[in-house]
Amino acid sequence: MTKKFPKGFLWGAALSAPQTEGHSLEHGKSPSTWDYWFSIAPEKFNQNQGPENTSNVYDLYLDDCAKMKEIGLNSIRTSIAWTRLLPDGKTVNQEAVNFYRTYFQEMLKQGVEPVINLFHFDMPMWLMEKGGWETRESVDAFAYYAKIAFELFGDIVKKWTTFNEPLVHIECGYLYGFHYPAIVDFKKAVQVGYHTLMAHTLAIKAFRDVNMKDGTIGIILNVSPAYAKSEAAEDLLAKENSDLLTTKSFLDPAVHGIIPEKLIQLLADNHLLPETEVEDKELIMENTVDFIGLNYYQPRRVQAAPAPQFPAKMPEDFYVLYDWPDKKINPYRGWEIYPNALYDVAMMMKNEYKNLPWYVSENGMGVANEERFMDDHGMIQDDYRIEFMQEHLEFLHKGIEEGSNCFGYHTWTFVDCWSWLNGYRNRYGFYRVDLEDRFKRTMKKSGLWYKNVSEKNEIS
Ligand code: BG6
């Protein structure tokens, strides 16, 4: 049966500056933590592929914008690199302004609405040397950058977001050692999270001050809804704690202007409260968002921690993951595939978050060695990806039918891209990038499928 999506629905894909632009130390750009980390520890990066080895968008953006249209995208999300626009945090790099303006204008010419994000894991090295998100200085530095970006591009970009997945630089950088500075310290992680929240808040304030006509602003959060192993009180508490720390920590202040009381209590009980300033509470209350983007890949199956430490040393003292025996899995990424969660997320937005406009800002399936699926004409027959999107869209549609205010669906990603430590291990794009010749892109079968969905604004 045909399932129609609301009029004006955004069909698109997401990407990011550091993962696509290339020329990461050229044209006036200063190093981010990624450039620095790669220079001192290249062996940490899959096949020694660093931030220079991206899909060359800096050179190919005109052609790429045509390719967006070719597969029916009516919108795209990418980011501005803070280190390219303001290499020292203060001085505008005119070459970057020219690049981003022509890039965004070309999108518009092709009928593709740009959604522009300000931070996608790419902390400037000059700021990291001063402590990065651990210092309050980062909050003002980010707010300044945001204001400059709104002033420079606000005439052409109407949809803005502050951060992509703020949890990632907190968890990967300050809890689990995956990203630079690879510190393991729960209290620092909370402080980093708090400064990130304040940086977001002051960027929203800067946006309101700039008073951009017809502009809207939001934040993009990764959501992994928690499902408890059982109805036992301890497992339900584990679920509640997981949701507090990973979902409500940003979603509640962003939408309701309040950090949940239960989260504050949990942190206080465990001596984890961050340093704050008196005016912060009011700033958070006054600067809520216009919309939310939610990146959904997988649920979080949780149970009570078997031997929690007190006070907590790690989030695993509040909940631990468990392996759901019935799960369907993407073996390449190791992530559970559970499309039903998109319906639950849609209902959560409707019932708990004022039914604020929201969209799926990332959803997708990374697959290794995709060349196995290449046909005689060089097209990757990625039916698995089509099936993945179809199933997720069915559950999203159900949520929309029941009144959830979802205005779009973006996949990760448009063209295969460099993915941090994973390099090009898993491919996600509608177009394949040839690693021998990064100027070559070939449409996959999913690109044709998506074009049809977008043009008809329906799935069947
Ligand atoms: C998303 C991030 O969460 O996951 C992207 O926003 C990232 O930046 C994507 O590339 C896929 O991650 P991975 O690790 O599977 O390549």
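Below: a short report on this structure. (Residues numbered from 1 in each chain as written. Predicted model: local features only at pLDDT ≥ 70, side-chain atom pairs only at ≥ 80, totals over all residues. Heavy atoms only, no water.)

Examining the pairing of strand β5 (residues 159-164)
Counting buried residues along β5, 6 of its 6 residues qualify, which places the element largely inside the surrounding structure. Of the pairings in the sheet, the one linking strand β4 (residues 113-119) to β5 comprises 4 bridges and is parallel in character. The residue bridging N117 from the neighbouring strand is T161, located in β5. With 4 bridges connecting them, β5 and strand β6 (residues 216-222) associate as parallel partners. Counted as the bridge partner of N164 is I220 from β6. (Buried < 20%, exposed > 50% of the residue type's maximum accessible area, 1.4 Å probe, protein only. Helix = DSSP H or I, 4+ residues; strand = E, 2+ residues; numbered from the N terminus. Pairing = 2+ DSSP bridges.)

Structural notes on the side chain of S404
For S404, the location among the structural elements is in the loop between α14 (383-401) and β15 (406-412). A residue is classified by how much of its surface remains accessible, and S404, at 4% relative accessible area, is buried. At 3.0 Å, the side chain of S404 and the side chain of W358 are in polar contact. The contacts of S404, once residues within four sequence positions are left out, are A346, M347, M349, K350, N355, W358 and G399. (Polar contact = N/O pair within 3.5 Å; in protein donor to acceptor, adjacent residues only side chain to side chain. Contact = heavy atoms within 4.5 Å.)

Describing the site of the ligand
Surveying the vicinity of the ligand reveals 13 residues, the closest of which are Q19, E165, R333, S419 and Y428. In this structure, R333 approaches the ligand through a side-chain N or O atom, which is 2.5 Å from an oxygen atom. Between the ligand and S419 there is a distance of 2.4 Å, counted from an oxygen atom to a side-chain nitrogen or oxygen. (Near = heavy atom within 4 Å.)

Digging into the state of the cysteines
Here the structure, examined in full by the defined rule, presents 0 disulfides. Free cysteine C65: the closest other cysteine sulfur is in C417, separated by 16 Å. The cysteine C417 is free of any disulfide, with C172 supplying the nearest cysteine sulfur at 16 Å. (Disulfide = S-S within 2.5 Å.)

Looking at the sheet that holds strand β13 (residues 358-362)
If you walk around this closed barrel you meet the 8 strands as β2-β3-β4-β5-β6-β8-β13-β15, and the pairing is parallel. Adjacent strand axes in the sheet meet at a mean angle of 25°, parallel and antiparallel pairs treated alike. (Axes fitted to C-alpha atoms, helices over the stretch in contact; angles between N-to-C directions.)

Considerations on the nonpolar core
Buried together is how nonpolar side chains tend to be arranged in soluble globular proteins. Ranked by internal contacts, the top residues of the largest apolar core, which has 122 residues, are W160 and I292. In terms of residues, this core owes the most to one element, helix α9 (residues 186-210), which gives 13 residues. Contact partners of I292, with chain neighbours within four places excluded, come to I219, L251, A254, V255, M349, L356, P357, W358 and Y359. Residues F45, F121, C172 and W418 belong to the second largest nonpolar core, which totals 10 residues. (Core = buried A, V, L, I, M, F, W, Y, C linked by side-chain atoms within 4.5 Å.)

With respect to the pairing of β15
In terms of burial, β15 is largely enclosed, as 7 of its 7 residues are buried. With 5 bridges joining them, strand β2 (residues 10-14) and β15 adopt parallel strand pairing. Looking across to β15, one finds that A13 is bridged to T411. Alignment of β13 against β15, held across 2 bridges, turns out to be parallel. Paired with W358 across the two strands is C406, which belongs to β15.

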